[in-house]
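Chain by chain, the residues:
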Amino acid sequence: MLGKGGTATVIGMVPVGQRLEIDATQLLGGKRLQGSNMGSNRFRIDMPQYVDWYLSGRLKLDELVSATMPLDQINEGFAALAAATVARQLIRFD
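Residues numbered from 1 in each chain as written. Predicted model: local features only at pLDDT ≥ 70, side-chain atom pairs only at ≥ 80, totals over all residues. Heavy atoms only, no water.

(A) Structural detail: the overall build of the chain. Along the backbone of the chain there are 2 helices and 4 strands. The order of helices and strands in the chain, counted from the N terminus, is β-β-α-β-α-β. Relative to the compact-globule value of 12 Å for 94 residues, the chain shows a C-alpha radius of gyration of 19 Å, a clear excess of over 25%. Seen through its principal axes, the chain has C-alpha atoms that stretch 55 × 35 × 25 Å. (Helix = DSSP H or I, 4+ residues; strand = E, 2+ residues; numbered from the N terminus. Rg over C-alpha atoms; globule rule 2.2 N^0.38 Å.)

(B) Structural detail: the packing of aromatic side chains. Here the structure, examined in full by the defined rule, presents 1 aromatic pair. Measuring from centroid to centroid gives 5.9 Å for Y50 and W53, while their planes differ by 50°, and the two rings are tilted. Taken together, the positions of Y50 and W53, both in helix α1 (residues 43–55) and 3 residues apart, correspond to about one turn of that helix. (Phe/Tyr/Trp six-rings, centres within 6.5 Å; stacked < 30°, edge-to-face > 60°.)

This is the structure we're talking about:
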């Protein structure tokens, strides 16, 4: 599962009451299992920093966008996601 000293992070939303079962011996060797909520960021500290990095050109977000579309093309956008022809799309509210 993990290398010695490794960390596994459970991400994403899970249903209330969802149980997770692991073989406890898999945590031997200094391994860790942790959860993450909303990226575990420090919103008031991290978000202004991300904005500064983006505006200064140090955080390249535009390159991550596959396509943009108006809201009335959202069904086509979902179809493109399902067909795996795009990765990330933005909806324009013109």
